[in-house]
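Coordinates in review
For reference, the chains in residue letters:
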2 protein chains.
Amino acid sequence: MSEKREILVVEDDTALLPMITYNLEKNGFLVKEATNGEEALLLIKEEIPSLAIIDWMIPAPSGLEVCRILRKKKETSKLPIIILSAKGEEEDKVRGLNTGADDYITKPFSPTELMARINSLLRRSTSSSEEIIEFKDISINLNEHKVYRKNKKIHLGPTEYKLLKHFLENPGRVYSREQLLDSVWGHGIYVESRTVDTHIRRLRKAMNVPGTKNFIRTVRAAGYSIDID
Amino acid sequence: MSEKREILVVEDDTALLPMITYNLEKNGFLVKEATNGEEALLLIKEEIPSLAIIDWMIPAPSGLEVCRILRKKKETSKLPIIILSAKGEEEDKVRGLNTGADDYITKPFSPTELMARINSLLRRSTSSSEEIIEFKDISINLNEHKVYRKNKKIHLGPTEYKLLKHFLENPGRVYSREQLLDSVWGHGIYVESRTVDTHIRRLRKAMNVPGTKNFIRTVRAAGYSIDID
DNA sequence: GTTAAATGTCACAAATCTGTAACAAAACTA
DNA sequence: TAGTTTTGTTACAGATTTGTGACATTTAAC
């Protein structure tokens, strides 16, 4: 599949963590690791993953607390979470308490089981009208507002994001600055047409991953377009 | 575009090919089959399909090479292409998309998945209305502001572009320098009428692809026109 | 309230285009 | 053919358009 899937694993057991990571990466996931709750929250603030696997017993804010915090924030309120717990620990409590976790797994568990749970959750969370635009080595996940080039994540400001999206909806088509102002900035909003240049510049810069070349063509006296050659 | 839904399948696996064909036909497509790259190119030259499904590992020119060749030709530069690959490595995928493939499917795949990808691509490719002016070996894509002669891309400055476009809108018609100044440069803009000569010269030069001859006729004491003979 | 991120403008540099003039070549005229 | 007119060709300086980095202001995040 062409879909970008990123998973955060929060686990303080230094023997278990690499194992989980290994299995996830083998299955094509991009993995971020944290060993305590604080670290986890930082990473999530930075970038919201597609799914989080959190151990119940971690230092600092516990898995449960992390869970609660995540649920409170709008951005992460729907983030699929899997809680890991040791057998005999407070299994029922985890399940019974309404922590907001979407699933929980009892240690020890098999890689197969883990993958099954993950896939199940992801299917559920992304099945609702997943929209991805791809063009050459660029891809945009419209649901998550994430942009990738050559499988590397790109951070774009809102305007650059809209610009790129607009270009990709008609690859190759040339848009004048006025047209772009109209469709990206919005009808009736007046800004200098040269502002477009600056944002084009920013978009180019942001998308400039090593090993790629400028993908926006400028058509003198006409405007800009995606380079489709 | 018409509702002619024709798909070319290039696959050397004699077990897989009939399966794909069967599924496509069941969905109302007209299927053409090829088992190697050469055959595929011949079929495409004969008749450009609405979409091509090409296996990565085929004899003669590989899937990617075929892809590249198709992208270079103007007639097929926008033909939607799906690459099939047995290796599921990320690297291959990137390479596939870089080469110009529009989508990429890893074997094994389900008929459902295949159909989903096909429909998605067809929807995309038929939605953008193309404005193209063609005359002999010259063609202008108005949306993309691109000019070709003998399938070679030509770079023109703004004035030359407008000049050419103006000529092609009435092939054969003779325009005086004054008329050209009026319609290409614009009403009320005063420049020496001999400026037209210079731009005609530049246009001729730019369009002078090897194996072609001067396509602008000068009509002494009257003006210029496209040569329609 | 402090920090950070995003936005719109501007000024200057770099790239490209344009109009002209001057001369060469070709076409026409007598 | 010589002379005249028209067009081809080239070079170049000035004009336009675009690239780029910096800055102040606004907006959002925490």
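Above: the structure in question.
Residues numbered from 1 in each chain as written. Chains lettered and ligands numbered in written order. Predicted model: local features only at pLDDT ≥ 70, side-chain atom pairs only at ≥ 80, totals over all residues. Heavy atoms only, no water.

Describing helix α6 (residues 158–169) of chain A
Residue and element names in this part refer to chain A. For α6, spanning twelve residues, the distance from its first C-alpha to its last is 17 Å, which sits close to the expected 16 Å at 1.5 Å a residue. Within α6, the full set of buried residues consists of Glu 160, Tyr 161, Leu 163, Leu 164, His 166, Phe 167 and Leu 168. Summarising the contacts, the buried residues of α6 are in contact with β6 (132–135), β7 (138–141), β8 (146–149), α7 (177–185), α8 (194–206) and β11 (223–226). (Helix = DSSP H or I, 4+ residues; strand = E, 2+ residues; numbered from the N terminus. Expected span 1.5 Å × (residues − 1). Buried < 20%, exposed > 50% of the residue type's maximum accessible area, 1.4 Å probe, protein only. Contact = heavy atoms within 4.5 Å.)

Some remarks on the protein's contact with DNA strand C
Neighbouring residues of DNA strand C: 25 residues in total, closest Arg202(A), Thr159(B), Glu192(B), His199(B) and Arg202(B). Counting only the atoms of DNA strand C that lie within 4 Å of the protein, the sugar and phosphate share comes to 69%. Measuring from a phosphate oxygen of DNA strand C, one finds a side-chain N or O atom of Thr159(A) at 2.7 Å. Sorting the residues of the surface near DNA strand C by element identifies α6 and α8 of chain A together with α6 (158–169) and α8 (194–206) of chain B as the ones contributing at least two each. A breakdown of the residues in the surface near DNA strand C according to their chemical character gives six nonpolar, eleven polar and eight charged. (Near = heavy atom within 4 Å. Polar contact = N/O pair within 3.5 Å; in protein donor to acceptor, adjacent residues only side chain to side chain. Nonpolar A, V, L, I, M, F, W, Y, C, P; charged D, E, K, R; others polar.)

Concerning the packing of α6(A) against α8(A)
Residues and elements named next belong to chain A. As a packed pair, α6 and α8 sit with axes 10 Å apart at the nearest point and diverge in direction by 85 degrees. Taken as axis vectors, α6 and α8 run roughly perpendicular relative to one another. Contact residues: α6 offers Thr 159, Glu 160, Leu 163, Leu 164 and Phe 167, while α8 offers His 199, Ile 200, Arg 202 and Leu 203. Each residue belonging to the contact of α6 with α8 can be placed in one class, and the counts come to five nonpolar, two polar and two charged. (Axes fitted to C-alpha atoms, helices over the stretch in contact; angles between N-to-C directions. Parallel < 35°, antiparallel > 145°, perpendicular 65-115°, else oblique.)

Focus: α7(A)
Think of an α-helix as 3.6 residues a turn; residues three or four steps apart then line up on the same face. Residue and element names in this part refer to chain A. Turning to α7, its buried residues number three or more, namely Leu 180, Leu 181, Val 184 and Trp 185. One side of α7 holds all its buried residues, which, seen down the axis, span an arc of 100 degrees. For α7, the secondary structure elements touched by its buried residues are α6 and α8. Note on α7: the residue one or two positions beyond its end, Gly 186, has a positive phi of about 120 degrees. (Arc of directions from axis to C-beta.)

A word on the pairing of strand β10 (residues 216–219) of chain B
All names here are of chain B. Of the strand pairs in this sheet, β10 and strand β11 (residues 223–226) are connected by four bridges, and their pairing is antiparallel. Bridge pairing in β11 links Val 219 to Gly 223. The antiparallel pairing of β10 with β11 creates a hairpin that spans three residues between the two strands, and Ala 221 there sits at a positive phi of about 70 degrees. (Pairing = 2+ DSSP bridges.)

A look at the protein's contact with DNA strand D
Neighbouring DNA strand D are 23 residues; Arg201(A), Ala221(A), Tyr224(A), Arg201(B) and Ala221(B) lie closest to it. Counting only atoms of DNA strand D within 4 Å of the protein, the fraction found in sugar and phosphate groups is 58%. Arg194(A) is positioned such that a nitrogen or oxygen atom in its side chain is 2.7 Å from a base nitrogen of DNA strand D. Residue Tyr224(A) places a side-chain N or O atom 2.6 Å away from a phosphate oxygen belonging to DNA strand D. Elements supplying a minimum of two residues to the surface near DNA strand D: α8 and β10 (216–219) of chain A together with α8 and β10 of chain B.

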